[in-house]
Amino acid sequence: MKHLIILMLLMLSAACGWQLRGSVALPAGVKQMHLSSEDPYNPMMTELRQRLLAAGVELTPAPLGAPYTLAITEQNRDSRVAAVGADSLASAYEVTLEVRYDILGPTGEAVALDLSSSVTRSYESDVSVAGAGAREEAMLLEEMRTELAQQILRRLQAEINAAEAVRRQPDS
């Protein structure tokens, strides 16, 4: 009886669309994708690659044969002083990561162009501990890349769903 109840709860949670936090389910037809950028080995691309692979998407080395291409066109990182302490030294910083990207179809046609996703966070810097601010910023940037990759994949999911819906509509 206990197993039956557990099984029913699992089926109900799956039926309502529940999924693990941070996971993105791309449309069923998207089994392959091409991921492109000027620098394919930067940390943001690595994060996107890991997220796509975790979603079960095979990454193709070239756009030919892939139903969609996620083309990262620009990446920006901005940092500014957010607060100054009584000693006139920076006590807090604000960091923004922004990624601009395009989604292209199988023949290179535009599905969605000039999309942008960004994440902004702030952190306090302890000037009394050497290197503490740099370590905190490095950890913060890693978390921000993860969140930014999730944003990009959610947008990718929405744009692909919209493109597929338009493609399925009968011509009138």
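So, a few notes on the structure that sits alongside this text. (Residues numbered from 1 in each chain as written. Predicted model: local features only at pLDDT ≥ 70, side-chain atom pairs only at ≥ 80, totals over all residues. Heavy atoms only, no water.)

1. Section: the overall build of the protein
Within the protein, the regular secondary structure consists of 3 helices and 5 strands. Element order for the protein, N to C, with α for helix and β for strand: α-β-α-β-β-β-β-α. Looking at the protein as a whole, 30% of its 172 residues qualify as buried. A sequence separation of at least 24 residues applies to 66% of the contacts in the protein between residues at least 6 apart. Accessible surface for the protein amounts to roughly 10,900 Å². Of this, 56% is attributable to carbon and sulfur atoms. (Helix = DSSP H or I, 4+ residues; strand = E, 2+ residues; numbered from the N terminus. Buried < 20%, exposed > 50% of the residue type's maximum accessible area, 1.4 Å probe, protein only. Contact = heavy atoms within 4.5 Å. Areas by Shrake-Rupley, 256 points an atom, 1.4 Å probe, with all protein chains shown as cover.)

2. Let's talk about the sheet that holds strand E2 (residues 58-60)
What the 5 strands build is an open sheet, ordered E2-E1-E3-E4-E5; its pairing is mixed. Single-partner strands in this sheet number two, and they are E2 and strand E5 (110-124). Averaged over all pairs of adjacent strands, the angle between strand axes in this sheet comes to 35°, irrespective of strand direction. Note that strand E1 (residues 32-36) and strand E3 (residues 69-84) share 3 bridges and pair parallel. Along E3, the bridge assignment pairs Leu35 with Leu70. Across the face of the sheet, helix H2 (residues 43-54) comes into contact with E1, E2, E3 and strand E4 (90-104) while running at roughly 175° to E1. (Pairing = 2+ DSSP bridges. Axes fitted to C-alpha atoms, helices over the stretch in contact; angles between N-to-C directions.)

3. Let's talk about the pattern of salt bridges
Evaluation of the coordinates by the stated rule reveals 7 salt bridges. The residue Glu94 makes a salt bridge to Arg80 at a minimum N-O spacing of 3.0 Å. Of this pair, Glu94 sits in strand E4 while Arg80 sits in strand E3, and the two are 14 residues apart along the sequence. Judged by relative accessible area, Glu94 falls into the partly exposed class, the value being 25%. Overall, the relative accessible area of 42% leaves Arg80 in the partly exposed class. Here the salt bridges share partners, and the residues they tie into one network are Glu98, Arg100 and Asp114. (Salt bridge = Lys/Arg side-chain N within 4 Å of Asp/Glu carboxyl O.)

4. Regarding H2
Taking 1.5 Å per residue as the helical rise, H2 with its 12 residues ought to reach 16 Å, and the 16 Å between its terminal C-alpha atoms agrees with that figure. Looking at H2, one finds that the buried residues are Met44, Met45, Glu47, Leu48 and Leu52. For H2, the arc enclosing every buried residue in end-on projection is 160°, short of the 170-degree limit, so these residues lie on one face. For H2, the capping residue at the N-terminal end is Asn42, with a side-chain oxygen 2.9 Å from the backbone nitrogen of Met44. Phi for Gly56, located one or two positions after H2, is positive at around 85°. (Expected span 1.5 Å × (residues − 1). Arc of directions from axis to C-beta. Polar contact = N/O pair within 3.5 Å; in protein donor to acceptor, adjacent residues only side chain to side chain.)

5. Concerning the environment of Pro106
For Pro106, the position within the fold is in the loop between E4 and E5. For the pair Pro106 and Tyr68, spaced 38 residues apart in sequence, the C-alpha separation works out to 5.5 Å. Every residue in contact with Pro106, bar those within four places of it in the chain, is listed here: Ala66 and Pro67.

6. Focus on unusual backbone geometry
Notably, Asp114 is not glycine yet its phi reads approximately 55°, a positive angle. With respect to the helices and strands, Asp114 occurs in strand E5. Classification of Asp114 as exposed rests on a relative accessible area of 52%.

7. Focus on the nonpolar core
Counting residues in each nonpolar core, the largest one holds 31 residues, and the members touching the most others are Met33, Leu48, Leu52, Leu70, Ile152 and Leu156. Residue assignment for this core shows that the elements contributing at least two residues are E1, H2, E3, E4, E5 and helix H3 (132-168). With 10 residues, the top contributor of residues to this core is H3. When residues no more than four places from it in sequence are discounted, the contact partners of Leu156 are Leu26, Met33, Leu52 and Ile103. (Core = buried A, V, L, I, M, F, W, Y, C linked by side-chain atoms within 4.5 Å.)

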